[in-house]
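The chain contents come next:
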Amino acid sequence: MTMQTQELAAPTLSKQEFAQIRDLIFRIAGISMGQAKMHLVSGRLAKRLRHYGISSFGEYFRFITASGNEAELQTAVDLLTTNETHFFREPKHFSFLRDQVLLNRRRGRAIRIWSAASSTGEEPYSIAMLLADCLGDEPWEVVASDISTRVLEQASSGVYSMARARELPRDYLNRFCLKGVGSNEGRFLIAKNLRSKVTFLQVNLNEAFPALGEFDVIFLRNVMIYFEQQTKQRIVHRMLPLLTGNSYLFIGHSETLNGVTDAYRAVQPAIYQKTRS
């Protein structure tokens, strides 16, 4: 008799189980998930259920919230908070950074920029390439943070598929990246001298910030769309003391600070300048 191995069907995520996971992510990360995100939650967590041989999302919820399972809880947070990014996303921001911020900088003082939702690193490395190109030997630093330890590990490695190279200016690709050979064929590596000036660290924007110092620009792009109004207000007001003088906050083009705070004034679409502490 011939036996066929069948994969177990993926468990169905009930509304009650979704509500448990949704509320947990909101408490931890401040991210608000509507009912439309049920499929995303199910798809991203189903493989973790298979990994542990867990038969329901309710059982998985109890597992990740039990004492001693903090590592798996972080894995779940990583899976549910990772968003798409690419090099030099929203090019007008980089044009403003080059033509306004860097051109009008005070010479002799280090430029510091925070990529506050850095994901897999494309944004902070794009910033770093532009700073290296425009500032030469002048001092600068990029701080890159994310809530997900998984994407931070990937970002700090500086390794990307060659398919992503199409997003980079050819000159930057040649100057700041190394083409992989042998086992790394089909990939490229951000050059070590550039990686050394980007600091990656885990920061939960929904909690008090660690000691980060002051910044000339903060990139807070394409993350506030996941927050409720009160969470947005807390985050942008926590950032005020970290911005030097009349420095800038960049947000995503689908986002706005209208109705969130009057401590920043709009300069260009999705670019705001600090007006008060």
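Computed from a predicted structure; not experimentally measured.

1. Re the pairing of strand E7 (residues 215–220)
Step number 1: Across the six residues that make up E7, a large majority, six, are buried.
Step number 2: Where strand E1 (residues 111–115) lies against E7, three bridges are found, and the strand directions are parallel. Across the sheet, Ile113 pairs through a bridge with Val217, a residue of E7.
Step number 3: Sheet topology places E7 next to strand E8 (residues 243–251); five bridges connect them, and they run parallel. When the bridges of E8 are listed, Leu220 appears paired with Ile251.
Step number 4: Chirality of the crossover, the property in question, places the unit of E7, helix H10 (residues 229–239) and E8 among those that are right-handed.

2. Considerations on the sheet that holds strand E5 (residues 187–190)
Step number 1: Taken in spatial order, the three strands make up an open sheet running E3-E5-E4, and their pairing is antiparallel. This sheet does not close on itself; its edge strands, each paired only once, are strand E3 (159–161) and strand E4 (177–179). Across the sheet, the axes of successive neighbouring strands diverge by a mean angle of 30°, strand direction being ignored.
Step number 2: In terms of strand pairing, E3 meets E5 through three bridges, oriented antiparallel. Bridge pairing in E5 places Tyr160 opposite Phe188.

3. Digging into the pattern of salt bridges
Step number 1: One pass over the structure, following the stated rule, counts twelve salt bridges.
Step number 2: Here Arg48 and Glu72 are joined by a salt bridge, their closest N and O atoms 2.7 Å apart. Of this pair, Arg48 sits in helix H2 (residues 38–52) while Glu72 is found in helix H4 (residues 70–81), placing the two residues 24 residues apart along the sequence.
Step number 3: Exposure remark for Arg48: the relative accessible area of 17% places this residue in the buried category.
Step number 4: By relative accessible area, Glu72 is classed as buried at 5%.
Step number 5: Arg164 is the salt-bridge partner of Glu122, the closest N and O atoms lying 3.1 Å from each other. With a gap of 42 residues between them, Glu122 in helix H6 (residues 122–135) and Arg164 in the loop between E3 and helix H8 (170–176) connect regions that are remote in the sequence.
Step number 6: For Glu122, a relative accessible area of 1% gives the class buried.
Step number 7: You can call Arg164 partly exposed: its relative accessible area is 22%.
Step number 8: Among the charged side chains, a network of salt bridges with common partners joins Glu90, Glu123 and Arg221.

4. Structural notes on the confidence of the model for the protein
When pLDDT is low, close inspection of the predicted coordinates is not appropriate.
Step number 1: Residues of the protein with pLDDT of at least 70 account for 95%, and the chain-wide mean is 90.
Step number 2: A low-confidence stretch, residues 1–7 stays under pLDDT 50, and its non-local contacts, those more than four residues away or across chains, total zero contacts.

5. Remarks on the layout of surface pockets
Step number 1: Size it by volume and the largest pocket reaches roughly 370 Å³.
Step number 2: Residues belonging to the lining of the largest pocket are distributed by class as follows: twelve nonpolar, ten polar and five charged.
Step number 3: Empty space within the second largest pocket amounts to approximately 230 Å³.
Step number 4: Lining the second largest pocket we find 13 residues, and of these Val101, Asn104, Asp216, Asn246 and Tyr248 sit closest to its centre.
Step number 5: Every element with two or more residues in the lining of the second largest pocket is listed here: helix H5 (91–102) and E8.
Step number 6: Here the lining of the second largest pocket gets four residues from one element, more than from any other, and that element is E8.
Step number 7: When its residues are assigned to classes, the lining of the second largest pocket shows three nonpolar, six polar and four charged.

6. Details of the environment of Ile147
Step number 1: By the secondary structure assignment, Ile147 is in the loop between strand E2 (140–146) and helix H7 (149–157).
Step number 2: With 55 residues separating them in the primary sequence, Ile147 and Lys92 have C-alpha atoms 26 Å apart.

7. Points about the packing of aromatic side chains
Geometrically, a pair of aromatic rings is defined through the distance of the ring centres and the angle of the planes.
Step number 1: A complete count under the given rule lists 15 aromatic pairs for this structure.
Step number 2: The interplanar angle of 65° and the centroid separation of 5.5 Å between the aromatic rings of Tyr172 and Phe176 together place this pair among those described as edge-to-face. A residue pair is termed a helical-turn pair when its members lie 3 or 4 positions apart in one helix, as Tyr172 and Phe176 do in helix H8 at four residues. Of the two residues examined, Tyr172 and Phe176, each falls in the buried class.
Step number 3: By way of ring pairs, the aromatic residues Phe88, Phe94, Phe96, Tyr172, Phe176, Phe219, Tyr248 and Phe250 are connected into one cluster.
Step number 4: The ring of Phe209 carries the charged tip of Arg238 above its face, separated from the ring centre by 5.7 Å.

8. Section: the sheet that holds strand E9 (residues 264–268)
Step number 1: The strand order across the open sheet formed by seven strands is E6-E2-E1-E7-E8-E10-E9, and the pairing between neighbours is mixed. Of all the strands in the sheet, the pair left with one neighbour each is strand E6 (198–202) and E9. Taken pair by pair, the neighbouring strands of this sheet meet at an average axis angle of 20°, ignoring direction.
Step number 2: Bridge analysis of E8 against strand E10 (residues 271–274) gives three bridges, and the strand direction is antiparallel. By the bridge assignment, Phe250 is partnered in E10 with Ile271.
Step number 3: Packed onto the sheet, H6 meets E1, E2, E6 and E7 and runs at close to 175° relative to E2.

Conventions used here
- Residues numbered from 1 in each chain as written.
- Predicted model: local features only at pLDDT ≥ 70, side-chain atom pairs only at ≥ 80, totals over all residues.
- Heavy atoms only, no water.
- Buried < 20%, exposed > 50% of the residue type's maximum accessible area, 1.4 Å probe, protein only.
- Helix = DSSP H or I, 4+ residues; strand = E, 2+ residues; numbered from the N terminus.
- Pairing = 2+ DSSP bridges.
- Right-handed = clockwise from strand over helix to strand, strands pointing away.
- Axes fitted to C-alpha atoms, helices over the stretch in contact; angles between N-to-C directions.
- Salt bridge = Lys/Arg side-chain N within 4 Å of Asp/Glu carboxyl O.
- pLDDT = per-residue confidence, 0-100.
- Contact = heavy atoms within 4.5 Å.
- 1 Å grid on protein atoms, 1.4 Å probe; cavity = no way out; pocket = protein on both sides within 12 Å on 5 of 7 lines; lining within 4 Å.
- Points joined across faces, edges and corners; volume = space filled by probe spheres on them.
- Nonpolar A, V, L, I, M, F, W, Y, C, P; charged D, E, K, R; others polar.
- Phe/Tyr/Trp six-rings, centres within 6.5 Å; stacked < 30°, edge-to-face > 60°.
- Lys NZ or Arg CZ within 6 Å of the ring centre and 35° of its normal.

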